[in-house]
Amino acid sequence: MRRKISKFNIDHIILFEMDWIDSCMKKWKTYIFMIFVVIWSGASEVIYSENICIANGSDDFGLLSVLDKSKINNEIRIKSGVNTITAGQAIYDEGGGSINISGGITLENPDLLIEGQQALINTDSETAVIENANYFFSNIPARGSSQEFRVEKGNHYILIKPTYTTCNQLDQSWELVADEILINDEEGKAKNIALRFKNIPVLYLPRLTFPTNDERKSGFLVPSFGSSSKRGVEIEIPYYWSIAPNADLKTTLNYMKKRGAEMKSELRFLTPNQVALVELNHLASDDLFNDDRTYSRINYQLNPSANTQIEITGEYASDTNYFEDLSQSTNESSRTHLTRDIVFKSFDKNWILNVGMTNYQMLDDQPKCLAIGVCEQNDPYRLKPYVNFNGNWQSKESDINFNIDSEIIFFDHLQSESGRRLKNRTTLSKIFNHSGIEVKPSLGLDYAKFESDSNKDDTKRTIPIYSLDIKANLIRISDDGDIRHSLQPRVMAVHIKYEDQSDFPFIDTIIPDFNYFQLFNQNRFIGNDRLGDTSKISYGLVAKRTQIRSGKDFFEFKFGQTLHLKDEKIGIPGYEKRKSGSLTNLASIDIAMTKSLNLKLDHYWDSDVDEIKRSQIGIEYKDSDAKRLNLAYRFRENNIKQLHGSFLWPIQDKWSFIGHYRYSIKDRKTIDQFFGINYESCCWSISAVSRKHLIYRNGETDSSFSIQFMLKGLGEFGTPINRIFEDGIFAYDQS
């Protein structure tokens, strides 16, 4: 028996399972998107970006509805959870358990819209066929079509002649097409996949399979290419191997015309109580270096229990020039040493214990100042082994805090002596609150002992530390509730008596970068070799004006000053001792002058030597039209004197000019520069960049040229130069 269904009798269809409709809709929206993204990008990262054309006119992206609602008087609407099915006309066959829908059908939920000319739904076999289907993902956004969309029992799906794109209908620059795609709960199979750009086929795959569950699948990833003066034309072809659910391996063939073929491997595995990363790169017989080049790295972490942890990290390079010759980053090429650590950690609520060893591989034949050593001694100390313990407890009765910081290390040095150092610092403190003002008196005792492996006498120190810290946080909210004004004054007095420490070797002590927080540290050094003698009073103020709704600071001002009451006697190489009565000053301001323009100033100076220690000024411009302009001057005494500028500037519709320039006034040399051009439409972009930057420690530079082609919502091809843009241009993003 066949009956025409209208909105007045739709409730009488008992065989139409609402749960099944809801289940199908959830699967459809997942699989339609997965079909093309997983096919194309494999295990690589899927790239999303805001579609500017869609944001300006979402109607251009929508489907041309096959439902002419002006001609439908008896529109049928079925609700199932968040899903809605709308049909022009439906005929229900009770004998066959089927519903034949004509006059257009729409299946819709907040994330997905599917429209078709007609559909056949069989409620007995739980199957459905939608003909001439169009779909639209509002959250990506993306759209596509399928000549037939079949839903089989057991969550099997068949798409005939499907397409996928993130372009709107007015500018369909690229599209993925296929003859057929079959999907089940485990995998999908696609036949004759092609990528069309400007209606020209640019890539074809006769057959391809992809996972449809959480399991990863082995396969080639998107290759990259570029060129540089030190490596020549460069092509990277990565292959991803899913070894097991908790382990994978990425192997990359990196061909460099000037040097040869390098194999890169990255192994990862993860279990409930351990995680590991192992890298191995090998270049057989470098054509310029005339020898093999190798780099390896391991990062392993084991958690035997909830309160214990074992970490093993280490790196190895075959030669001192490995990173200069083969890396693409200035930070990598300037490395002077590689660290190797093994450490056992045990911790609880109030304490942590570390037991470990540290070693180094030196990469610089004549090292400069290292962050972990001292200039004159060049190489850092090797720690073999060390134990440190830190604990903090608070008395429930008196609220007195008890802190202990202990360490013993065994060390040696290739150019100097070896021995043992024992250090323990015990501190008692208590916080008093008086109407929002916090007062914290503190009393500490620092003990250290150095035992040399030579015949030298042991060196000891026992020094008390006195401090008083007073701070407040004053807040006022504007009448409209949208602006928060805060004022944070702070005063701290510290006294540490002088005791000769010249017999202690320099193992791990450095001069920290002076900032507002360092202003209120008790010890002016970082490390345990020296405890700086001082009698000082530090005071400072932080003022902010913040929009509560957005969290943006319209204004931030910091000012701090330290008054030294006694001459300093303890120093380390590179540190100028302060005299009694001298002032150390610091000031910074960050102000939004307009909605688009920010000004940043940072200044640190010392009245004792009457000279500037550090200074920086920066101007940042960013408007709603994607214009970016940054100008900065940086000065650091005896180290840095640089000019820096970067910009991203639209020059014509969809075209932008991009650049970055950093110049050392002190060395009279360009450190890094790149200039490029970028084209960006609704759904694709292309960028070309020429770069020249300092890469060798002897002052030599490397020149490179990179091209990146991106299909938004699908993937990128060429050299991933977005990282260059993000590093060089403040507030740059892919939108």
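One can find the structure itself at the top, above this paragraph.
Residues numbered from 1 in each chain as written. Predicted model: local features only at pLDDT ≥ 70, side-chain atom pairs only at ≥ 80, totals over all residues. Heavy atoms only, no water.

Some words on the overall build of the protein
Thinking step 1. A count of helical and extended segments in the protein gives five helices and 44 strands.
Thinking step 2. Looking at the 735 residues of the protein, the share that counts as buried comes to 44%.
Thinking step 3. For the protein, contacts bridging at least 24 residues in sequence account for 48% of all contacts bridging at least 6.
Thinking step 4. For the protein, the accessible surface area stands at approximately 37400 Å², while carbon and sulfur atoms represent 53% of it. (Helix = DSSP H or I, 4+ residues; strand = E, 2+ residues; numbered from the N terminus. Buried < 20%, exposed > 50% of the residue type's maximum accessible area, 1.4 Å probe, protein only. Contact = heavy atoms within 4.5 Å. Areas by Shrake-Rupley, 256 points an atom, 1.4 Å probe, with all protein chains shown as cover.)

Here's the deal with the pattern of salt bridges
Thinking step 1. Taken as a whole and assessed by the stated rule, the structure comprises 41 salt bridges.
Thinking step 2. Asp-179 is the salt-bridge partner of Lys-161, the closest N and O atoms lying 3.2 Å from each other. In this pair, Lys-161 sits in the loop between β9 (156-160) and β10 (163-164) while Asp-179 sits in the loop between β11 (174-177) and β12 (180-183), placing the two residues 18 residues apart along the sequence.
Thinking step 3. We note a salt bridge from Asp-458 to Lys-449, for which the minimum N-O separation is 3.9 Å.
Thinking step 4. Overall, Lys-449 belongs to the buried group, its relative accessible area being 18%.
Thinking step 5. Each of the salt bridges in this network shares a partner with another, and the network as a whole consists of Arg-259, Asp-286, Arg-293, Asp-319 and Asp-325. (Salt bridge = Lys/Arg side-chain N within 4 Å of Asp/Glu carboxyl O.)

Details of the side chain of Asp-672
Thinking step 1. Within the secondary structure layout, Asp-672 lies in strand β41 (residues 669-680).
Thinking step 2. Asp-672 gets classed as buried once you look at its relative accessible area, which sits at 10%.

Quick notes on the state of the cysteines
Thinking step 1. Tallying each qualifying case throughout the model produces one disulfide.
Thinking step 2. Across the disulfide, Cys-167 is cross-linked to Cys-683 (sulfur-sulfur distance 1.8 Å). Sign of the S-S torsion, about 85 degrees for the bond between Cys-167 and Cys-683, identifies this disulfide as right-handed. Linking Cys-167 in the loop between β10 and β11 with Cys-683 in the loop between β41 and β42 (684-694), this pair joins segments that are 516 residues apart in sequence. This pair shows no difference in class: Cys-167 is buried, exactly as Cys-683 is. (Disulfide = S-S within 2.5 Å.)

Focus: the pairing of strand β7 (residues 127-137)
Thinking step 1. Bridge count for strand β5 (residues 112-116) against β7 is four bridges, and the pairing is antiparallel. Looking across to β7, one finds that Glu-115 is bridged to Asn-134.
Thinking step 2. Pairing of strand β6 (residues 118-122) with β7 involves five bridges; the strand directions are antiparallel. Note that in β7 the partner of Gln-118 across the bridge is Glu-131.
Thinking step 3. Here β6 hands over to β7 after four residues, with Glu-126 in that stretch at a positive phi of 55 degrees. (Pairing = 2+ DSSP bridges.)

Remarks on the pairing of β11
Thinking step 1. The two faces of β11 match: Trp-174 and Leu-176 on one face and Glu-175 and Val-177 on the other face are all buried.
Thinking step 2. Pairing of β10 with β11 involves two bridges; the strand directions are antiparallel. By the bridge assignment, Tyr-164 is partnered in β11 with Leu-176.
Thinking step 3. Here β11 pairs with strand β13 (residues 187-197) via four bridges, running antiparallel. When the bridges of β13 are listed, Val-177 appears paired with Ala-194.

Regarding the nonpolar core
One recurring pattern in soluble globular proteins: nonpolar side chains tend to sit buried together.
Thinking step 1. Counting residues in each nonpolar core, the largest one holds 45 residues, and the members touching the most others are Ile-101, Ile-130, Trp-174 and Leu-711.
Thinking step 2. Element by element, the count of residues in this core is highest for β7, at five residues.
Thinking step 3. Ile-465, Val-494, Tyr-516 and Leu-531 belong to the second-largest nonpolar core, a separate cluster that totals 13 residues. (Core = buried A, V, L, I, M, F, W, Y, C linked by side-chain atoms within 4.5 Å.)

Let's talk about the side chain of Arg-530
Thinking step 1. Counting through the fold element by element, Arg-530 comes out in the loop between β32 (483-496) and β33 (534-547).
Thinking step 2. Only 3.2 Å separates the side chain of Arg-530 from the backbone oxygen of Gln-501, close enough to count as a polar contact.
Thinking step 3. In this structure, Arg-530 is in contact with Arg-461, Gln-501, Ser-502, Phe-504, Pro-505, Phe-506, Thr-509, Asn-523, Phe-525, Ile-570, Gly-571 and Ile-572, ignoring residues within four places of it in sequence. (Polar contact = N/O pair within 3.5 Å; in protein donor to acceptor, adjacent residues only side chain to side chain.)

What about the packing of aromatic side chains?
Two numbers describe a pair of aromatic rings. These are the distance of the centres and the angle of the planes.
Thinking step 1. As enumerated under the stated definition, the model contains 20 aromatic pairs in all.
Thinking step 2. The ring centre of Phe-289 lies 3.9 Å from the NZ or CZ of Arg-293, which sits over that ring.
Thinking step 3. The lysine or arginine in question, Lys-569, covers the ring of Tyr-498, its NZ or CZ lying 5.0 Å from the ring centre. (Phe/Tyr/Trp six-rings, centres within 6.5 Å; stacked < 30°, edge-to-face > 60°. Lys NZ or Arg CZ within 6 Å of the ring centre and 35° of its normal.)

What to know about unusual backbone geometry
Thinking step 1. Even without a glycine there, the phi angle at Asn-132 is positive, about 50 degrees.
Thinking step 2. For Asn-132, the location among the structural elements is in strand β7.
Thinking step 3. On the accessibility criterion, Asn-132 (32% relative accessible area) is partly exposed.
Thinking step 4. Of note, the phi angle at Lys-654 is positive, near 75 degrees, even though the residue is not glycine.
Thinking step 5. By the secondary structure assignment, Lys-654 is in the loop between β39 (640-652) and β40 (655-664).
Thinking step 6. Note on Lys-654: relative accessible area 32%, which makes it partly exposed.

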